[in-house]
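# Summary of the model geometry
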Amino acid sequence: MAKSSADDDELRRACEAAIEDTKQSLVMSIRVVKGRGVWGKSGKLGRHMAKPRVLALSTKSKGQQTKAFLRVLKYSTGGVLEPAKLYKLKHLSKVEVITNDPTGCTFTLGFDNLRSQSVAPPQWTMRNIDDRSVQDGPVPATVTESDLKVTVEKELVSQVEEEDMEALLGTYVMGIGEAEAFSERLKRELHALEAANVHAILESEPLIDEVLQGLEAASSCVDDMDEWLGIFNLKLRHMREDIESIETRNNKLEMQSVNNKALIEELDKLLERLRVPSEYAACLTGGLFDEARMIQNVEACEWLAGALRGLEVPHLDPTYANMRARGQLKRPDHADLRYKCRTYARLLQHLKSLDNNCLGPLRKAYCSSLNLLLRREAREFANELRASTKASRNPTVWLEASTGSSQNVNAADTSTVSEAYAKMLTIFIPLLVDESSFFAHFMCFEVPTLVPPGGVANGNKSGNNDDGDDDDLGIMDIDDNDGKNGKTSVELAALNESLQDLLDGIQEDFYAVVDWAYKIDPLRCISMHGITERYLSGQKADAAGFVRLLLGDLESRISLQFSRFVDEACHQIERNERNVRQMGVLSYIPRFATLATRMEQYIQGQSRDLVDQAYTKFVSIMFVTLEKIAQTDPKYADIILLENYAAFQNSLYDLANVVPTLAKFYHQASEAYEQACTRYISTIIYSQFERLFQFARRIEDLMYTITPEEIPFQLGLSKMDLRKMLKASLSGVDKSIALMYKKLQKYLTSEELLPSLWDKCKKEFLDKYESFAQLVAKIYPTENFPSVEEMRTLLASM
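Since the structure is predicted, the reported quantities are computational estimates derived from the model, not experimental observations.

The rules we used
- Each chain carries its own residue numbering, running from 1 in the written order of its sequence.
- pLDDT decides what is reported in this predicted model: residues at 70 or higher carry local features, side-chain atom pairs at 80 or more are listed and counted, and totals for whole chains, interfaces and linings draw on all residues regardless.
- Hydrogens and water are ignored here; the side-chain numbers use all heavy atoms of the structure.
- Helix and strand assignments come from DSSP, with helices taken as H or I runs of at least 4 residues and strands as E runs of at least 2, each series counted from the N terminus.
- The buried label applies to any residue whose accessible area, calculated with a 1.4 Å probe on protein chains only, is under 20% of its type's maximum; exposed applies above 50%, and partly exposed to all values in between.
- Contact definition: two residues touch when any of their heavy atoms are within 4.5 Å.
- The Shrake-Rupley method, run with a 1.4 Å probe sphere, supplies the accessible areas, and residue values consider only the shown protein chains as cover.
- UniProt positions are given in the numbering used here, feature names are shortened, and annotations may be inferred rather than shown by experiment.
- What makes a nonpolar core is a set of buried Ala, Val, Leu, Ile, Met, Phe, Trp, Tyr and Cys residues whose side-chain atoms join them at distances within 4.5 Å.
- Counting of polar contacts relies on pairs of N or O atoms within 3.5 Å, with two restrictions inside protein: one atom must be capable of donating a hydrogen and the other of accepting it, and residues adjacent in sequence are counted only when both atoms are side-chain atoms.
- Residues enter patches when their relative accessible area tops 30% and they take part in no salt bridge; the joining distance is 9 Å for like charges and 5 Å for the nonpolar side chains Val, Leu, Ile, Met, Phe, Trp and Tyr.
- We define a salt bridge as a side-chain nitrogen of Lys or Arg found within 4 Å of a carboxyl oxygen belonging to Asp or Glu.
- Residues scored as positive are Lys and Arg, those scored as negative are Asp and Glu, and His as well as the terminal groups of each chain are ignored.
- For this purpose, a charge sits on NZ of Lys, CZ of Arg, CG of Asp or CD of Glu.
- Following DSSP output, two strands are said to pair if at least two bridges run between them.
- Only C-alpha atoms enter the line fits that serve as axes; for helices the fit covers just the stretch in contact. Angles between N-to-C directions range over 0 to 180 degrees.
- Each helix should span, by expectation, one fewer than its residue count multiplied by 1.5 Å.

## Overview of the overall build of the protein chain
When helices and strands are counted, the protein chain shows 26 helices and seven strands. In the protein chain, which comprises 798 residues, the proportion classed as buried is 38%. In the protein chain, 70% of the contacts between residues at least 6 apart in sequence involve partners at least 24 apart. Total accessible area on the protein chain stands at roughly 47,300 Å², and carbon and sulfur atoms take up 54% of it.

Written as structure tokens, this is what we have:
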């Protein structure tokens, strides 16, 4: 066991030497370490470092009483113990062991007479358990129980401070005149104490730096660990997301696998119902109709009829009945049909040579059968074409007054609609021409020169034939030099009559596509008209008569639909007239510019005339309606006219530079604008200077009947009248001109027009004033009035 410091004789002698001057007897001394116990506060680490100290218990006898003291001794610079603090043992109120120290060697001492109770008391730590468990030494018998009893009392100055003060005062024999010397000594002692404290702080700086460096290293480690944890957390989150994604895909694949398995089972069941037994298939496709095989043929037909009935709704799930196959839209292929028909071509030629009249019923039967096929193909093609074309419907109301002014600026793209119509023509017009040509050859019509393959039947001159068919694409081109014109005309009439039977009814499916496109976007009639015109111009005058008539009917149908749109838009413009009193730019002016811009984008081929006719009708109605609206309130008529004509020019400036029809209306609007400006500016000027220019007008009227020298002697035109008029009109001319500007500004809703109108107003006023000045100088040469230059300078400054 280690030796207790209470048994250390050397320590005891050092303590007795330290308190030798106090006449106190040493009872016990123990080595301890002093600390503050606030290591959690990083800002105070330096001043609370552990320091070696010695706790000594001493007594002092005074008469029959003995007082006990607790002394704190510290080591000086030379390692010698010296007194640091002194406590009366009777003021010791508590001894508290620190629970954070598992050895139980750390404790605090509480004294009840300390003035500052808010400061944490120092902590004292024994060197070992032997020091903590030391037994009290012998206490003189003169120490009574009452002296050792701990009591609580409040003193302004502790006993130690009181004794120190007495010792300090005892060193002086103080008189009245020694107060200043005492004060000076206290100051020196205070400075020395402060210097010692500073020295202690500087001595502890290396320890503080070391601790701070350790804290910085620890903080860096914590930051690194936080960064690592963040990286690990991110990786774990990505891993969780990947796992969730894999689980989702696995679930979808599992569901897809289950669905595919169920679908295959259903398709197998359906295929069983659609599969034709081989013996029935042989009879139905290649069997003979002789008497020996009639029974097998009947059985095959009965089986086929039953199988077809089994595919109808009562026997088949309605879901299957409503299913439709959708694939790439292609031109119907009639190559096999024509190949089989060519087998009988020589026979038909012989029939015609033997009896020409026998071909009539045969031609009608062929036309009737093929007509059903072509109409069904056109109807299915048109239906699939519309169903597969995705386009948002654009509004048909463009110029209505009750709708927003910018409703159609971002209209949806409907180009797919006109592309669908072009595809319908691209597929079926060459097909109908081919069928007409084949029919003329096959049914032995005597016609002259045919249109060569790859001609202009499909609306272009590229010479391409989509399906590679070797049939001629046109019908005939009559040769005027042919001597058989009479017979040819008869044959041509018969052919066109047969073609009417062959292709009649197919135009309804083309009409359906046109009407569908019109409902989605009426302006697409412009591009469809150009497409139709291109195909129509590609047809020979006498080639494929029915196809040419079909294209003509389509063009008329498109023009009719577009005319409906134009008429409705004109009614929308006219409805503006019925609204309440309107000021500013009418709503249909900027909307028409938007409409015209979009119409120009749709022009293809020969549709320029169609659009120009619409422009003419639109603008005519717009200008007529504008004039009617302006006349409802004559006071503001010129303002409404000039603002709307200016807005028309501004909105159509770019288009007018490239569209001649709009350029014509642009110039018309410009002239109307200038006229309205002149009238309105004259009204503004006369509202302020009417007497001035009325005086000049009277002079001008009299100059036609009398000489200038006689005018000053007329009633109301004397020099005195002139002076009165000049004083009334020009005495506050700057204010009058300012009132002109305010009046011009007050009723004008389009502020961008104000600068140009004000310039026009100043110019007009200056021209009138110059004419007035010339008249006055001629009639009244001796009178003084503001010159034209003065008035020009005044106007320029305003």
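## Focus: the UniProt feature "coiled-coil region" (unreviewed entry) in the protein chain
Those residues carrying the UniProt feature "coiled-coil region" (unreviewed entry) are residues 176–203 and 236–273 in this numbering. Secondary structure content for residues 236–273 is 100% helix and 0% strand, and the end C-alpha separation is 55 Å.

## Re the nonpolar core
Counting 144 residues, the largest nonpolar core has Phe562, Phe592, Met599, Phe618 and Phe648 as the members making the most contacts within it. Here this core takes 18 residues from helix H22 (residues 660–702), the largest share from any one element. Non-local contacts of Met599, meaning those with residues more than four positions away in its chain, are made with Leu523, Ile526, Phe562, Val611, Ala614, Tyr615 and Phe618. Counting 18 residues, the second-largest nonpolar core is a separate cluster that includes Ala6, Ile30, Val32 and Leu89.

## Some thoughts on the side chain of Arg524
Along the polypeptide, Arg524 turns up in helix H16 (residues 524–537). A residue is classified by how much of its surface remains accessible, and Arg524, at 6% relative accessible area, is buried. Side chain to side chain, Arg524 and Ser418 meet in a polar contact 3.3 Å long. For Arg524, the residues in contact, after removing those within four places along its chain, are Asp413, Thr414, Ser415, Val417, Ser418 and Tyr602.

## Describing a negative patch on the surface
Judged by side-chain charge, Asp223, Asp224, Asp226 and Glu227 come together as a negatively charged surface patch. Residue placement: Asp223 occurs in helix H6 (residues 205–274).

## What about the pairing of strand E3 (residues 65–75)?
Sheet topology places strand E2 (residues 51–62) next to E3; ten bridges connect them, and they run antiparallel. Across the sheet, residue Ser61 finds its bridge partner in E3, namely Thr66. Here E2 hands over to E3 after two residues, with Gly63 in that stretch at a positive phi of 75°. In terms of strand pairing, E3 meets strand E4 (residues 81–88) through seven bridges, oriented antiparallel. When the bridges of E4 are listed, Val72 appears paired with Lys85.

## Thoughts on the sheet that holds strand E6 (residues 106–111)
Judged by pairing direction, the sheet is antiparallel, and its seven strands sit side by side in the order E4-E3-E2-E1-E7-E6-E5 without closing on themselves. Looking along the sheet, the strands with just one partner apiece sit at the ends: E4 and strand E5 (92–97). Across the sheet, the mean angle separating the axes of adjacent strands is 35° when strand polarity is ignored. Helix H1 (residues 9–18) contacts strand E1 (25–35), E2, E3 and E4 of the sheet and is inclined by roughly 100° relative to E1.

## Points about the pattern of salt bridges
Scanning all chains against the criterion turns up 19 salt bridges. Of the charged contacts in the structure, one is a salt bridge between Arg31 and Asp8, with a shortest N-O distance of 2.8 Å. Of this pair, Arg31 sits in strand E1 while Asp8 sits in the segment before H1, placing them 23 residues apart in sequence. Overall, the relative accessible area of 22% leaves Arg31 in the partly exposed class. We classify Asp8 as buried; its relative accessible area is 17%. Several salt bridges converge on common partners, so that one network encompasses Glu600, Arg608 and Asp612.

## Description of helix H15 (residues 507–520)
In an α-helix there are 3.6 residues to a turn, and that puts residues three or four apart on one side. In this model H15 runs 20 Å from its N-terminal to its C-terminal C-alpha over 14 residues, within 8% of the 20 Å that 1.5 Å per residue would give. Taking burial as the measure, the 14 residues of H15 include eleven buried ones, the bulk of the element. Every buried residue of H15 is listed here: Gln507, Asp509, Phe510, Tyr511, Val513, Val514, Asp515, Trp516, Ala517, Tyr518 and Ile520.

## Here we look at a positive patch on the surface
Judged by side-chain charge, Lys23, Lys60, Lys62, Lys67 and Lys90 come together as a positively charged surface patch. The residue Lys90 is located in the loop between E4 and E5 in this model.

## Some words on a nonpolar patch on the surface
On the surface, Met225, Trp228, Leu229, Ile231 and Phe232 cluster together into a nonpolar patch covering about 560 Å² of accessible area. You can call Trp228 exposed: its relative accessible area is 51%.

## Looking at the environment of Lys364
With respect to the element layout, Lys364 can be found in helix H12 (residues 359–388). Taking the relative accessible area as the measure of exposure, Lys364 reaches 52% and is therefore exposed. In the structure, Lys364 is positioned 137 residues away from Asp501 in sequence and 7.4 Å away in space, judged by C-alpha atoms.

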